[in-house]
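Structural overview for review
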Amino acid sequence: MNYPKITKIKDIKKENSDVKTLFFDFLKETRPGQFFMIWVPTIDEIPMSISYIDNNAKGITFRRVGDATNALFDLKIGDKLGIRGPYGNGFNLTGKKVLFVGGGTGIATLAPTVEKAIDNKISATVILGAKNKNELFFEERLKKYGADIKISTDDGSIGFKGFATDLSKELLKKEKFDSIITCGPEIMMKNLFDISKYIPFQASLERYIKCGIGICGQCCVGKGLRVCEEGPVFDRKKLKNIEDFGIFKRDAAGRKVKF
Amino acid sequence: MDEDAGSMERVFNCGASAVVTKSIGLEPKEGYPNPTVVELEYGILNAMGLSNPGINQYGKEIEVLKKLKFPIIGSIFGSSLKEFVEIADKMENFGVNAIELNMSCPHAKGYGLEIGSDSKLVEEITTKVKESIKIPVFIKLSSNLPSITEIARSAEKGGADGIVAINTVKAMKIDLELKIPILSNKIGGYSGKAIKPIGVRCVYEISKSIEIPVIGVGGITTGEDALEYIMAGASAVQIGSGIYYRGIDVFKNICKEMETWMKDNGYNDISKLIGVAHK
């Protein structure tokens, strides 16, 4: 039933000054790359990718940017949330050596997939792109798990100075990868898509989601592909036919908004 | 679905004979905050709040669709006679094949049902819209009325080319643990299987009392459901929530199921079944 289940926050972890992870009990099986609809009662209900997957507990990681995430940021252990899902398709792991590129909070979406890759003996190289070193998170978590971490910051305060795509371009010249998996700002993902022409590619798209169950049409891209149902992960073949990709999204009223 | 050109093309390619757009108003409208949709035991409850990009922007979506040459019914809503006429004019100029006046949205203040429950206003708006445009005009009505037939008669008097019945049914869901309604708008409209008997009854009553065709809608998920509406007097049916229950191919599948039933029961002309239940 697609009905918000009221759940208490079990634990909270501050990842950096503006990013937090909330943990709660959630038994249903979820796949890396799927998302929940998180209801902050009386405020809003928003889609949020699953950043921690344990048998009994799940987590969501977010930066405070709007009404809902600010309200989530202020919640305490024991406070109640409504959760429905999991929704969407999730990532598909193929090949022996995978390049993950996470821009900003996109790494929250990728983290469980990186861990699953390592569990499956797939070599995982992770490029973490951030504006500066204070905005980074999950680098320790993924390093400890066994990923090869490479960092890029726009201001060069740590790691490579420049965009995650610039670092990816250099890396792709030197090393061969069986596939690329990415989540982050759509312009970054589009650039990555363009420079990695022949490598199998999956990107997780973000759109305004209302129903989450494929009926309202708010999150449609291309020829009626529903991000909440057929996505949020699309592969290279699908992305080629989504004319919106990297160009525009739609706001709550359905108007096109350029990236 | 049916807010953007891409999704309407997909619905059409999945077997729909025509598409009805999301209801479009004069100005862009973001709608209500989430939760706007919640699935219940026997149906789906929603209060989107008539979110839409506004009639001026919507021309771009219709422009894309027109190239594909399939029938488009432009659904519109307004808060006054003047608004209905202005939007209908624009919709016609974009090139849609018919207009549906949404006089039945149960959860938007000043729109929808608040207009569609006033029989004089329904007749007046229908008359003026009809005078102003050449394409067919359908009026979508609510079951939340003391007498849906009275309003349907007013629309017929105003010159409507057809009645669409029904829109979602006013409803609410309260969460026991939080003790608050789940929808941000508190009240929403119920769709899906639970409302089918209500829709069938409305279509039966309306088609008995007016001459113009009726389009049946409400809880249709199978070919048998569609046939039930047709026997009640509908000349065509619309499907929305059925997409959730059976996927986007619901259109193709319902057509197939109707054909199978007709073959098994010795019918080859569907018009013979329209309103048979009246006898």
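Above: the structure in question.
Residues numbered from 1 in each chain as written. Chains lettered and ligands numbered in written order. Predicted model: local features only at pLDDT ≥ 70, side-chain atom pairs only at ≥ 80, totals over all residues.

1. What to know about the interface of chain B and chain A
Counting residues at the interface gives 33 residues for chain B and 27 residues for chain A. Going through the elements one at a time, α1 (5-13), β2 (37-39) and α9 (242-246) of chain B are the ones with two or more residues in the side of chain B that touches chain A. For the side of chain B that touches chain A, the element with the highest residue contribution is α1(B), accounting for five residues. Considering only residue class, the side of chain B that touches chain A consists of 14 nonpolar, nine polar and ten charged. (Contact = placed C-beta atoms within 7 Å. Helix = DSSP H or I, 4+ residues; strand = E, 2+ residues; numbered from the N terminus. Nonpolar A, V, L, I, M, F, W, Y, C, P; charged D, E, K, R; others polar.)

2. Some details on the nonpolar core
Side chains that are nonpolar tend, in soluble globular proteins, to be buried together. If you look at the biggest cluster of nonpolar residues, it comprises 160 residues, and the most contacted ones within it are A:Ile38, A:Phe100, B:Ile139, B:Leu141, B:Ile163, B:Ala165 and B:Val203. Those residues within four positions of B:Ile163 in sequence are excluded, and the remaining contacts are B:Phe138, B:Ile139, B:Leu141, B:Ala152, B:Ala155, B:Ile206, B:Ile210, B:Ile212 and B:Val214. (Core = buried A, V, L, I, M, F, W, Y, C linked by C-beta atoms within 7 Å. Buried ≥ 20, exposed ≤ 12 C-beta atoms within 10 Å, placed from the backbone.)

3. Digging into the pairing of strand β9 (residues 148-153) of chain A
Residues and elements named next belong to chain A. One ladder, built from six bridges, connects strand β8 (residues 123-130) with β9; its direction is parallel. When the sheet's bridge partners are listed, Leu128 is paired in β9 with Ile151. What joins β8 to β9 is helix α3 (residues 139-145), and the crossover it makes is right-handed. As defined by bridge partners, β9 adjoins strand β10 (residues 160-161) across two bridges and the pair is classed as parallel. Its bridge partner lying in β10, Thr153 is registered against Lys161. (Pairing = 2+ DSSP bridges. Right-handed = clockwise from strand over helix to strand, strands pointing away.)

4. Considering the sheet that holds strand β6 (residues 137-141) of chain B
All names here are of chain B. Spatially, the seven strands line up as an open sheet ordered β1-β4-β5-β6-β7-β12-β13, and their pairing is parallel. Each end of this open sheet is capped by a strand with a single partner; those strands are β1 (19-20) and β13 (234-238). When β6 meets strand β7 (residues 162-165), the two strands line up parallel, connected through four bridges. Pairing of Ile139 across the sheet is with Ile163, part of β7. Most of the contacts of helix α5 (residues 119-132) go to β6, to which it runs at about 155°, and overall it touches β5 (98-102) and β6. (Axes fitted to C-alpha atoms, helices over the stretch in contact; angles between N-to-C directions.)

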